[in-house]
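Observations on the three-dimensional arrangement
Residues per chain are reported as follows:
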Amino acid sequence: MQVMKSFKQPKLSLVVFALVLVGCLLFYISSNPFQGGRFKSSFWRNKNSMTNAEHRELAKVLRNASMPDRTVILTTLNEAWASPGSVIDLFLESFQIGEGTQSLLNHLVIAAVDQKAYNRCISIHPHCYELTTPGIDFAAEKRFMTPDYLKLMWRRIEFLRIVLELGYNFVFTDADIMWFRDPFRHFAAPDELTIACDSYMGNPTDNKNRANGGFNYVKSNERTIEFYKYWYMARVLYPGKHDQHVFEIIKNHPAVNMMGFKIKYLDTAYFGGFCEPSKDLNKVTTMHANCCAGIEKKIHDLRLVLEDWKNFTALSTEEKRLRGTSSEPSPWRAPDKCKWW
């Protein structure tokens, strides 16, 4: 386990966190006091969200996939995205055809949230973890903002907090993100959370940037662990909201500022998506099928993205340079079916 660094005003930060936690708990109990003679609050269930055996298995998988500095790449997978020819195959293909990304697959851990996704994972990738949730079926496609979708997103936040507690840094990536270049040079060491954007305002430290939780880099330390606990807990105060929506709310909260927590936002020129595509293929590092609902649409457009990348990499050095200085609005054919306007 890595040694945790101290941070500014630790006692005050912990006091603030404890007060907010108690306030949230009282709010939730007052709104939903009992169910079947027991407190309904999921705070109690969260304490035992992973058994000792599951912890040991996760620690083993992380250890086997870890870089020397205890960094891993993480994604989640369910049955809907795991079938042959679906999103996971496109995701893995992007690593194979990217520049300097093939070796990163050695450090990728796929957390499968249902049995069929896990079975497919172990047939195509060496580092798989079965992240099940008793009583909840995450196998089918989860449409954006449906109750099961929200449960899956919050389960993800809980899982990432556990990874941090085990002493591992991580790059979390949605599986509908294509990796074309090694992103690590964009992760500045002093920043505790580096996150992609749906909309980038031009300043990497401006909280007006609209973050996208589908791609982020987080270092394991006391501040980040405390923040992920706070983030997960805050779902109770904002029921029915996506983890990304809650992040946008709490990132400006005084309690977060008291933690000494830093956020760096990634420029969409390098980390673009269908919301705000990268315009220069000489810069693009990842491409995300965000601003898109429906697996068929995502698969169609991500295939276009892969084809466009292959065509670009087949060009000569001079042709590539000219493409980067072109006045054309976009080098991508996508979004096509994913267009929402």
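Up top is the structure these notes are about.
Residues numbered from 1 in each chain as written. Predicted model: local features only at pLDDT ≥ 70, side-chain atom pairs only at ≥ 80, totals over all residues. Heavy atoms only, no water.

1. A short note on helix α8 (residues 222-233)
Compared with the 16 Å implied by 1.5 Å per residue over 12 residues, the 16 Å span of α8 between its first and last C-alpha is a close match. Among the 12 residues in α8, 10 count as buried, and that is most of the element. Three or more residues of α8 are buried, namely Arg223, Thr224, Ile225, Glu226, Phe227, Tyr228, Tyr230, Trp231, Tyr232 and Met233. The backbone nitrogen of Arg223 lies 3.0 Å from a side-chain oxygen of the residue at the head of α8, namely Asn221. (Helix = DSSP H or I, 4+ residues; strand = E, 2+ residues; numbered from the N terminus. Expected span 1.5 Å × (residues − 1). Buried < 20%, exposed > 50% of the residue type's maximum accessible area, 1.4 Å probe, protein only. Polar contact = N/O pair within 3.5 Å; in protein donor to acceptor, adjacent residues only side chain to side chain.)

2. Side note on the nonpolar core
In this structure, Phe91, Met178, Trp179, Phe180, Phe215, Phe274 and Val305 are the most contacted members of the largest nonpolar core, which totals 50 residues. Within the residue set of this core, elements represented by two or more residues are β1 (71-77), α4 (79-82), α5 (87-97), β2 (108-112), α6 (115-124), β5 (177-179), β7 (210-218) and α11 (295-313). At 8 residues, the largest contribution of residues to this core is made by α11. What Phe180 contacts, discounting residues up to four positions off in sequence, is Ser94, Ile97, Gly98, Glu99, Thr101, Val284, Thr285, Met287, Val305, Leu306, Trp309 and Trp332. Residues Ala111, Tyr228, Val246 and Met259 belong to the second largest nonpolar core, which totals 48 residues. (Core = buried A, V, L, I, M, F, W, Y, C linked by side-chain atoms within 4.5 Å. Contact = heavy atoms within 4.5 Å.)

3. Quick word on the state of the cysteines
Summed over the entire model, instances satisfying the criterion amount to 3 disulfides. Disulfide pairing places Cys121 opposite Cys128 at an S-S distance of 2.0 Å. Handedness of the Cys121-Cys128 disulfide follows from its S-S torsion of about -90 degrees: it is left-handed. Residue classification places Cys121 among the buried positions, given a relative accessible area of 0%. Residue pairing for Cys275: its cysteine sulfur links by disulfide to Cys291, the two sulfurs lying 1.9 Å apart. (Disulfide = S-S within 2.5 Å.)

4. Quick notes on the sheet that holds β1
Within a beta sheet, neighbouring strands are joined by backbone hydrogen bonds and run either parallel or antiparallel to one another. In spatial order, the strands read β3-β2-β1-β4-β7-β6-β8; together these 7 strands make up an open sheet with mixed pairing. A single partner strand is all that each edge strand has here, and the edge strands are β3 (128-130) and β8 (263-265). Strand after strand, the sheet turns through a mean of 30 degrees between neighbouring axes, direction not considered. One ladder, built from 5 bridges, connects β1 with β2; its direction is parallel. Across the sheet, the residue bridging to Leu77 is Ala112, located in β2. Of the strands in this sheet, β4 (169-173), β6 (193-199) and β7 are in contact with α8, which crosses β7 at around 140 degrees. Lying over the sheet, helix α9 (residues 243-250) contacts β6, β7 and β8, oriented at roughly 90 degrees with respect to β7. (Pairing = 2+ DSSP bridges. Axes fitted to C-alpha atoms, helices over the stretch in contact; angles between N-to-C directions.)

5. Side note on the pairing of β4
Along any regular strand the residues' side chains alternate between the sheet's two faces. With 5 of 5 residues buried, β4 lies mostly within the body of the structure. Of the two faces of β4, the one carrying Asn169, Val171 and Thr173 and the one carrying Phe170 and Phe172 are both buried. Pairing geometry for β1 and β4, over 4 bridges, is parallel. Counterpart to Thr71 in the pairing with β4 is Asn169.

6. Describing α9
Turning to α9, its buried residues are Asp243, Gln244, Val246, Phe247 and Ile250. Looking straight down α9, one finds its buried side chains confined to an arc of 160 degrees; they lie on one side. (Arc of directions from axis to C-beta.)

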